[in-house]
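Spelled out from the first residue to the last, the chains are:
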Amino acid sequence: MFERVYVKHSNYGSSLMEVFKGLAQEARICIANTESVNNNDEDGTVDEVFKSLLKYSSTARVVACFCEGMTVRNILKAIRRWNATGELLLVGSDGWSDRPDVVEGFEHEAVGGISVRIDSPYVQEFDSYYFNLNPENNTRNPWFQEFWEFKFNCSLPLKTRSEATRMQSLNQYNRTCTGLSKFVASLIIACIYCRQQQIYNSHAIRVT
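Residues numbered from 1 in each chain as written. Predicted model: local features only at pLDDT ≥ 70, side-chain atom pairs only at ≥ 80, totals over all residues. Heavy atoms only, no water.

Novice: Before we move on, could you go through the overall build of the chain and cite the residues and values that matter?
Specialist: Looking only at helices and strands, the chain features nine helices and five strands. Reading the secondary structure of the chain in the N-to-C direction produces β-α-β-α-β-α-β-α-α-β-α-α-α-α. Evaluated residue by residue, the chain yields a buried proportion of 33% over its 208 residues. Contacts in the chain between residues far apart in sequence, at least 24 positions, make up 64% of those at least 6 positions apart. (Helix = DSSP H or I, 4+ residues; strand = E, 2+ residues; numbered from the N terminus. Buried < 20%, exposed > 50% of the residue type's maximum accessible area, 1.4 Å probe, protein only. Contact = heavy atoms within 4.5 Å.)

Novice: Outline a nonpolar patch on the surface, listing residues and values.
Specialist: Taken together, Val123, Phe126, Tyr129, Tyr130, Phe131 and Phe147 make up a surface patch of nonpolar side chains, about 560 Å² in accessible area. Of the residues forming the nonpolar patch, the biggest block, three residues, is contributed by helix 6 (residues 124–130). Relative accessible area serves as the criterion here: at 38%, Phe147 is assigned to the partly exposed category. (Patch = residues over 30% accessible without salt bridge, like charges linked within 9 Å, V, L, I, M, F, W, Y side chains within 5 Å. Areas by Shrake-Rupley, 256 points an atom, 1.4 Å probe, with all protein chains shown as cover. Salt bridge = Lys/Arg side-chain N within 4 Å of Asp/Glu carboxyl O.)

Novice: Which residues make up the state of the cysteines, and what values go with them?
Specialist: Where two cysteines share a covalent bond between their sulfur atoms, that bond is called a disulfide. Within the structure shown, the criterion is met by one disulfide. Shown here is the disulfide that connects Cys65 with Cys67, its sulfur atoms set 2.0 Å apart. Taking the sign of the S-S torsion, about -100 degrees here, the bridge from Cys65 to Cys67 comes out left-handed. Accessibility expressed as a relative area gives 0% for Cys67, which makes it buried. (Disulfide = S-S within 2.5 Å.)

Novice: Got a sec to walk through helix 1 (residues 17–26)? Specific residues and values, please.
Specialist: Within the sequence span of helix 1, burial applies to Met17, Phe20 and Ala24. Around the axis of helix 1, the buried residues are gathered within 65 degrees of arc, so they sit on the same side. Across from the buried face of helix 1, at angles greater than 90 degrees, the exposed residues are Glu18, Val19, Leu23, Gln25 and Glu26. Looking one or two places after helix 1, you find Arg28, whose phi comes out positive at around 60 degrees. (Arc of directions from axis to C-beta.)

Novice: Account for unusual backbone geometry, naming residues and giving values.
Specialist: You will see that Arg28, though not glycine, has its phi angle at about 60 degrees, which is positive. Assignment of secondary structure puts Arg28 in the loop between helix 1 and strand 2 (30–36). Residue Arg28 is classed as partly exposed on the basis of its relative accessible area, which comes to 47%. Not every positive phi belongs to a glycine, and Asn153 is a case in point at roughly 55 degrees. Along the chain, Asn153 falls in the loop between helix 7 (144–152) and helix 8 (163–173).

Novice: Residues and numbers for the pattern of salt bridges, please.
Specialist: Across all of its chains, the model carries five salt bridges by this definition. Its salt-bridge partner being Arg81, residue Asp43 comes within 3.6 Å of it at the nearest N-O pair. With Asp43 in helix 2 (residues 43–54) and Arg81 in helix 3 (residues 69–81), this residue pair connects regions lying 38 residues apart in the sequence. Judged by its relative accessible area of 43%, Asp43 is partly exposed. Between Asp101 and Arg99 there is a salt bridge, and its shortest N-O distance comes to 2.9 Å. Given a relative accessible area of 31%, Arg99 falls into the partly exposed group.

Novice: Quick rundown of helix 3? Include the residues and the values.
Specialist: Structural remark: α-helix, 3.6 residues per turn; residues separated by three or four positions point the same way. In a regular helix each residue adds 1.5 Å, so 13 residues correspond to 18 Å; helix 3 covers 19 Å between its end C-alpha atoms and thus fits that length. Among all positions of helix 3, only Gly69, Thr71, Val72, Arg73, Asn74, Ile75, Leu76, Ala78 and Ile79 are buried. Phi for Asn83, located one or two positions after helix 3, is positive at around 50 degrees. (Expected span 1.5 Å × (residues − 1).)

Structure (structure tokens):
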């Protein structure tokens, strides 16, 4: 049994192409055409790609699109411009599977499309680990100190830093980080948890 598909890809999906071709061959799926499109391509460029796809639409209607969200949106726009709703069926990867902004305003053109997403269950244990990281206990990540300074707009007085790095940081942020930064971070995290549990409406948070 043979099915014909197009393959569209962007920078996001280039690495998936060879894998897809190998699996398609094993499944006896015939690839009718391969095109490349980027998320910042102008309408004229997208239209040329879309015209190429339509040439095979009598025998190949499935478009396997390894694309980013905005690339898919540009394709949906092209479908509308060419009045080709229903001509092609988009089957996509996880780059746009759970993003309403991709199809907003183009729901009619997207009808029948299928996208997949890897199951990524929420890991509660990671929150406890991540939200307790600070510059003193997270020595594994060499960029964490820089991230902390940028996030809280302050300079870290850590002994592990060279004097040159320390002075450069002070010149950039003009103040030294204190324990208040961690308090602010903890407060923000607490607010996030409260919102997740939907208790803002019935509880008041008081900070003294």
